[in-house]
Amino acid sequence: MKPPLFDYLAPVSVEEAIAARARYQSSALLAGGQSLIPALNFRISHPEAVIDLKGIESLRGVELQGSEIVIGAMARHREVELDEAIFKANPLIRETLGHVAHIVIRNRGTVVGSLAHGDAAAEMPALFLATGGSVTARGPGGSREIAAGELYRFHLTTSLEPDELVTEARIPALPARTGWSFQEFARRRGDYALAGVCALITLEASGACQGARLSACGIASTPVRLVKAEEVLTGTSLETETVNEAGRAACAHVTAPDDNQTTSAFRKQLVQTLVTRTITRALARARARL
Amino acid sequence: MSTQRFGERVPRLNDAKLLRGQGCYVDDVPLPGAYHAVFLRSPFARARILSIDASAAREHPSVAAVYTCDDLGPLDQPLPMLSPHPAIIAARTQRPLARDEVFHVGQTVAMVIAVDRYTAEDALRLIDADYEPLPVTVDLASAAAPGAHPVHPDLTDNIVGHFAQRSGDPDGAFAKAEHVTSLRVRMDRSTAAPIETRAIAARWEAATGELTVWDTTQAPISIRDGLASILGLEENKLRVIAPDVGGGFGQKVMLFYPEEILVPWAAMRLARPVKYVEDRTENFIGSSQERTQIHEIQLAATKDGTVIGLKDSFLHDSGAFAPYGIEVPRVSASAIAGPYRIPNVDVEFKAIYTPTVPVTPFRGSGRPHACFALERAMDQLADELGLDRFELRRRNLIGPDEFPYVREGLKYVDDGTITYDSGQYPKALAMIEEAIDLERFRREKDAAAKEGRYLGLGLAFYMECTGLGPYDGCRIRVHPATGKVSVNTGLASQGQGHETVFAQIAADRLGVPIEDVIVAQGDTAAFDRGGGSHSSRSAVVGGNAVHKAAVRVRAQILETAARLMAVPEESLELADGRVTVKGANRFMTLAEIAIAANPLSSPFDRPAEVVSQYGTAGQELVTVGEGRAPGIEASAYYSPSASPWAYGVHAAIVEVDPDLCSIAFKRYLSVHDCGKMINPTIVEGQMIGGIAQGIGGAFYERLDYDEDGIITNASFMEFLMPYATEVPKIEIMHLETPSPANPLGIKGAGEAGTIAVPAVVASAVEDALKPLGVGRFHHAPLSPNMIFEAITRARAKAGG
Ligand SMILES: Cc1cc2nc3c(=O)[nH]c(=O)nc-3n(C[C@H](O)[C@H](O)[C@H](O)COP(=O)(O)OP(=O)(O)OC[C@H]3O[C@@H](n4cnc5c(N)ncnc54)[C@H](O)[C@@H]3O)c2cc1C
């Protein structure tokens, strides 16, 4: 469990980092290192160079810009979790981050690192999908925006180019009349979820369901929007039976095969339960905000 | 006399050092210029080794040597069989480095020595080993059945040994039974996963011919003795040190792990220090494991719930080799009747080779499985007879006036007839019943049921034969300059707190403040006769040895002081580091007495002049005196002739979420009796740690071998040790029944915590889910999947 030989680079600007990436056949960006360092130690990953982002001032920090939360590439999970302004703007972020690993890991790991890493069982990519965020990717040819829905291709595989670097992620503030909930089932507190569900329920002033955005992690090869469940809810008055039906509908999104942790059948029950519970919770919160 | 420290909550003396990160573990031992070793390990469960080409690795500029079995000379032979027994049919142990064939994933095949671990791992990848994989049977039941692929090519089946023992007339009891309950239970493979992995470092001094070995072992003296024999060194040229060690749980007592021989051997050959620190992956595939057994157990009872007979036939998974012979399943077999009278017992097992990591004792060692079988059977019997689970147990517990309770015909691993020494089993049950408050529990359960929540209560008794012999020793010396007391023992601590409890025992006898007792252990230079720390034996065997040595030293102190002060011994009092003449203002400090007891030709300081020829003391003291030894010093050994049996009962209240199939502990209670407690804080630490490990074995920790014999969850990401967040607050109740088996009246407490937990949790989950018509849980560890499947089956049955 020792990493193979690699060059270590510590750029102080994004431009320098991108130039460094272009010089190597293979390189890895080091953000919080909570996923990369284990991969190096297991020798699962053997890049020629590791490019450390921590010296790049412009990648730090998290702030509210109008109705958007802008998370710099080096903002740590914990920093984002504890930020009061961010919590007020979108309380789902703190609720979800509470399930990401443990405090010591959140002290180092970054939100953008998690979004870019693209673990199918990770919580933040699911939140990213439900909230409809986007990332800014910078490459040798300039910057582009990638919407959350366009980012995830497969477990640990994103639409980012090998020479690109995410400079920031944007997550919309919570819309009006919207309730939120994140719940998951993990074998131990802080583990990656066997199934996790994010729910955002937006009500009409009348109390009917104007829109629902649901997503899940841990149940497929990428985080997924639970559109089948969303469809059940939209336009209804969210009776218990409708909520239960949404739970059942969500099961169709479970495509993960049986693995050494659990079976597909059990995952379906987990998703059904979590969808029902998160909708119920989000609904209560939305009603409280009417 | 100063206050008695035995029985007090003395804070652990080593904690300040350990918690500040000032411990010295093997990896911390400074060895400038040391090489680092890594091992090529088999990727296959069974394979023929067609060729190993290490030439590219040998050419790596940072590599000092690469060794395969061909380079080992006389070391290339099977390692010792540690527990021979007539019931063993086929004893197979491994070689330091595989020859011709491999027998489990992780087996050591070659050793690379390089300037650091990084380059050693680079070089490892340059070794070209060519294997021809062989077919395997990994599952225990299949491996025991006809047609299984034998693990060892020279055998036709996988049987390590076949053992049977009986007490009373079990056939007669079953013929008379009014009710028989039968069940099959299973426990799966797990691993101790100590926080410090294994590590070995060695330094050879060619000039003096001395070899020093630092080893995370729980038994440094055994390692020293064995290594001296293997390497052809005199005992006094070989020092083995187990410095601070971060947990062992049985995994660190082996004679030998291949690395324990090869690292010192390489240090001698290369005349450079060599270090090896196992990484976590290696710990999963290269260090001993335990726990898989399948029991078919039957209880014969009368209608009123008296259990008159027990039959148990089980399979035990030994892994690929059996260095400990059939010791673990023999422990299971010895524990099978638990705290109940059950006068007629028939127990029989087959130990089976499977192409997996070898199995050796792991905290609890065979007992959690036996407890699971027996206690699950007791619950089932209670249900079938329509009796309350507590009541059934109450009717069968051995009473406080029935000791010693002998199970004629049943033997423990030391071949002694099973003889329970003392206990208050019914009282333990009454204590836990009262603490649970059954009335309150029923109210809460009913209230929860109305909200669609499911609460369950589980319970289980456990027994543990502790304090395994043959002996351990202690040498106590009072230091002349300081009056401080050295207590040297042959035990080795992995964090249990020996230094504190041994100091307590010695301080009491010697009338010194506990701060003045310096305990040395885990170092053959400190003491080199004895067994090691395992089998819940250190306090019992080591503690009583400390006591015996301290009694002798106390006598020496008083006798010497009486002579020096020319007063009768009866007039003397030993306390606060001095001997005082009762009622007079005369005293001598221990330092003065120690100086005076050691005649010198030349004094090293003023006080020492007293005992030299230049001194003013009576001439008589300038000689040692016939039959006396110089100084204040004595050694003693304690060799138990009877074993103290610790026992206890645990209960848990859990809530099961039938949709997420998760469990939450509402309460976890334990009543335990380890005889007289030397230090309740340390006992509680052992109980809590043991129960936490037991919770792992009950619901989380399971090594998942696939059908090719590969562990698919060999990392802390997937092998689920419970975190602090998964372990509930544990309510501990002490019950102290002194053991008549040893002078201090103590029983071991190290392993007890782990034993009952899987049975308790299964019992609680089963109880919680009864209203859903869910059946029994006879497989540990439980998991959300199992709960899901059980509920799904019950719903299907109810629906159809
Ligand atoms: C014990 C443990 C438990 C954990 N549990 C969880 C959990 O329950 N849920 C969970 O979601 N996560 C969990 N994690 C992972 C943790 O959240 C990581 O912090 C996160 O996945 C990656 O963030 P990082 O900053 O550490 O990234 P790094 O490890 O530094 O990088 C990860 C990958 O992302 C790439 N990358 C990083 N930054 C950028 C960027 N700006 N642009 C492009 N690519 C980039 C890197 O090149 C690398 O390939 C756990 C980690 C540990 C060690």
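1. Some words on the interface of chain A and chain B
So, step 1. Tallying the contact residues gives 23 residues for chain A and 35 residues for chain B.
So, step 2. With both chains or domains summed, chain A and chain B bury close to 2500 Å², and 54% of this area falls on carbon and sulfur atoms.
So, step 3. Our enumeration of links across chain A and chain B arrives at 15 residue pairs in polar contact (both at pLDDT 80 or more).
So, step 4. If one sorts the elements of the side of chain A that touches chain B by residue count, helix α12 (residues 264-288) of chain A sits on top with 7 residues.
So, step 5. Classifying every residue of the side of chain A that touches chain B gives 9 nonpolar, 7 polar and 7 charged.

2. Quick word on the site of the ligand
Residue and element names in this part refer to chain A.
So, step 1. As a matter of local geometry, the ligand sits amid 30 residues, with Gly 32, Gly 33, Leu 36, Thr 110 and Glu 123 nearest to it.
So, step 2. Contact between the ligand and Gly 32: an oxygen atom at 2.7 Å from a main-chain N or O atom of the residue.
So, step 3. Contact distances for the ligand include 3.0 Å between an oxygen atom and a backbone N or O atom of Gly 190.
So, step 4. In isolation the ligand offers 970 Å² of accessible surface; the protein chains occlude 87% of this area.
So, step 5. At the level of elements, β2 (27-30), α7 (111-117) and β10 (165-172) are the ones that each hand at least two residues to the shell around the ligand.
So, step 6. The element contributing the most residues to the shell around the ligand is α7, with 5 residues.

3. Focus on the environment of B:Val671
Residue and element names in this part refer to chain B.
So, step 1. Looking at the secondary structure, you find Val 671 in strand β27 (residues 662-673).
So, step 2. Distance in space between the C-alpha atoms of Val 671 and Asp 157 is 44 Å, their sequence separation being 514 residues.
So, step 3. Every residue in contact with Val 671, bar those within four places of it in the chain, is listed here: Ala 428, Met 431, Ile 432, Tyr 462, Gly 648, Val 649, Met 733 and Leu 735.

4. Digging into the confidence of the model for chain B
So, step 1. With 98% of its residues at a pLDDT of at least 70, chain B reaches an overall mean of 95.
So, step 2. Across the interfaces of the predicted complex, the ipTM metric reaches 0.95, alongside a pTM of 0.96.

5. Re the packing of aromatic side chains
Each aromatic ring pair is characterised by the separation of its centres together with the angle its planes make.
All names here are of chain B.
So, step 1. Overall, the coordinates contain 20 aromatic pairs over all chains when judged by the stated rule.
So, step 2. Measuring from ring centre to ring centre gives 5.3 Å for Phe 284 and Phe 719, while their planes differ by 70°; the resulting arrangement is edge-to-face. Placement of the pair is Phe 284 in helix α8 (residues 280-286) and Phe 719 in the loop between α18 (680-700) and β28 (730-734), with a sequence separation of 435 residues.
So, step 3. Relative accessible area serves as the criterion here: at 0%, Phe 284 is assigned to the buried category.
So, step 4. Considering the side-chain rings of Tyr 425 and Tyr 647, the 4.5 Å spacing of their centres and the 65° angle between planes classify their relative orientation as edge-to-face. Of this pair, Tyr 425 sits in helix α12 (residues 425-436) while Tyr 647 sits in strand β26 (residues 645-657), and the two are 222 residues apart along the sequence.

6. With respect to the sheet that holds strand β18 (residues 454-465) of chain B
Residues and elements named next belong to chain B.
So, step 1. Pairing is mixed across the open sheet formed by 4 strands, whose spatial order is β18-β26-β27-β28. Edge positions in the sheet fall to β18 and β28, since each of these pairs with one other strand and no more. Taken over all neighbouring pairs, the strand axes of this sheet differ in orientation by 15° on average, direction set aside.

7. Details of the pairing of strand β19 (residues 472-478) of chain B
Residues and elements named next belong to chain B.
So, step 1. The element β19 is largely enclosed, with a buried count of 5 among its 7 residues.
So, step 2. In the sheet, β19 pairs with strand β25 (residues 633-638) via 6 bridges, with the strands oriented antiparallel. Residue pairing across strands places Asp 472 opposite Tyr 638, the latter belonging to β25.
So, step 3. Relative to strand β20 (residues 485-489), β19 is paired through 5 bridges, and the arrangement is antiparallel. The partner of Arg 477 across the bridge, within β20, is Ser 486.

8. Side note on the pairing of strand β3 (residues 63-67) of chain B
Residue and element names in this part refer to chain B.
So, step 1. Within β3, 4 of the 5 residues are buried, which leaves the element mostly enclosed by the surrounding structure.
So, step 2. Direction of pairing for β3 relative to strand β5 (residues 108-114): antiparallel, over a ladder of 4 bridges. Within the sheet, the bridge partner assigned to Ala 65 lies in β5 and is Ile 113.

9. Some thoughts on helix α21 (residues 784-799) of chain B
So, step 1. A rise of 1.5 Å per residue sets the reference length of α21(B), with its 16 residues, at 22 Å; its end C-alpha atoms lie 22 Å apart and thus fit the reference within 8%.
So, step 2. Considered for burial, the residues of α21(B) that qualify are B:Pro784, B:Asn785, B:Met786, B:Ile787, B:Phe788, B:Ala790, B:Ile791 and B:Ala794.

10. Quick word on the domain arrangement of chain A
All names here are of chain A.
So, step 1. As assigned here, chain A comprises domain 1 (7-52), domain 2 (61-172) and domain 3 (178-288).
So, step 2. The gap between the C-alpha centroids of domain 1 and domain 2 is 19 Å.
So, step 3. At the junction of the two partners, domain 1 supplies 10 residues and domain 2 supplies 15 residues.
So, step 4. In terms of surface lost to domain 2, no three residues of domain 1 exceed Ile 18, Arg 21 and Gln 34, which account for 46% of the buried area on that side.
So, step 5. Linking Glu 15 and Arg 138 is a salt bridge whose minimum nitrogen-to-oxygen distance equals 2.6 Å.
So, step 6. Joining domain 1 to domain 2, the criterion identifies 3 residue pairs in polar contact (both at pLDDT 80 or more).
So, step 7. It is helix α1 (residues 14-23) that contributes the most residues to the side of domain 1 that touches domain 2, 5 residues altogether.
So, step 8. Taken together, the residues that form the side of domain 1 that touches domain 2 break down as 5 nonpolar, 3 polar and 2 charged.

11. Considering the side chain of B:Arg117
So, step 1. Looking at the element boundaries, B:Arg117 is found in helix α3 (residues 117-124).
So, step 2. Take B:Arg117: its relative accessible area is 10%, and that puts it in the buried class.
So, step 3. Among the polar contacts made by the side chain of B:Arg117, one reaches the side chain of B:Glu121 at a distance of 2.8 Å.
So, step 4. Ignoring anything within four residues of it in the chain, the contact list for B:Arg117 reads A:Met1, A:Lys2, B:His36, B:Ala37, B:Val38, B:Tyr276, B:Val277, B:Asp279 and B:Glu282.

12. Concerning the domain arrangement of chain B
All names here are of chain B.
So, step 1. Segmentation of chain B into domains returns domain 1 (31-134 + 196-246 + 252-286), domain 2 (293-468 + 642-799) and domain 3 (472-638).
So, step 2. The distance between the C-alpha centroids of domain 1 and domain 3 comes to 41 Å.
So, step 3. Listed per partner, the contact involves 16 residues of domain 1 and 17 residues of domain 3.
So, step 4. Taken together, both faces of the contact between domain 1 and domain 3 bury some 1200 Å²; the carbon and sulfur share is 47%.
So, step 5. Between Asp 528 and Arg 224 there is a salt bridge, and its shortest N-O distance comes to 2.9 Å.
So, step 6. At the surface where domain 1 touches domain 3, the tally comes to 7 residue pairs in polar contact (both at pLDDT 80 or more).
So, step 7. Looking at the side of domain 1 that touches domain 3, the elements that each hand over two or more residues are α6 (220-231) and β11 (238-241).
So, step 8. Its residues placed into classes, the side of domain 1 that touches domain 3 shows 9 nonpolar, 4 polar and 3 charged.

Cut-offs used in this document
- Residues numbered from 1 in each chain as written.
- Chains lettered and ligands numbered in written order.
- Predicted model: local features only at pLDDT ≥ 70, side-chain atom pairs only at ≥ 80, totals over all residues.
- Heavy atoms only, no water.
- Contact = heavy atoms within 4.5 Å.
- Buried area = accessible area lost by both parts, 1.4 Å probe.
- Polar contact = N/O pair within 3.5 Å; in protein donor to acceptor, adjacent residues only side chain to side chain.
- Helix = DSSP H or I, 4+ residues; strand = E, 2+ residues; numbered from the N terminus.
- Nonpolar A, V, L, I, M, F, W, Y, C, P; charged D, E, K, R; others polar.
- Near = heavy atom within 4 Å.
- Areas by Shrake-Rupley, 256 points an atom, 1.4 Å probe, with all protein chains shown as cover.
- pLDDT = per-residue confidence, 0-100.
- Phe/Tyr/Trp six-rings, centres within 6.5 Å; stacked < 30°, edge-to-face > 60°.
- Buried < 20%, exposed > 50% of the residue type's maximum accessible area, 1.4 Å probe, protein only.
- Pairing = 2+ DSSP bridges.
- Axes fitted to C-alpha atoms, helices over the stretch in contact; angles between N-to-C directions.
- Expected span 1.5 Å × (residues − 1).
- Domains from an automatic or database assignment.
- Salt bridge = Lys/Arg side-chain N within 4 Å of Asp/Glu carboxyl O.

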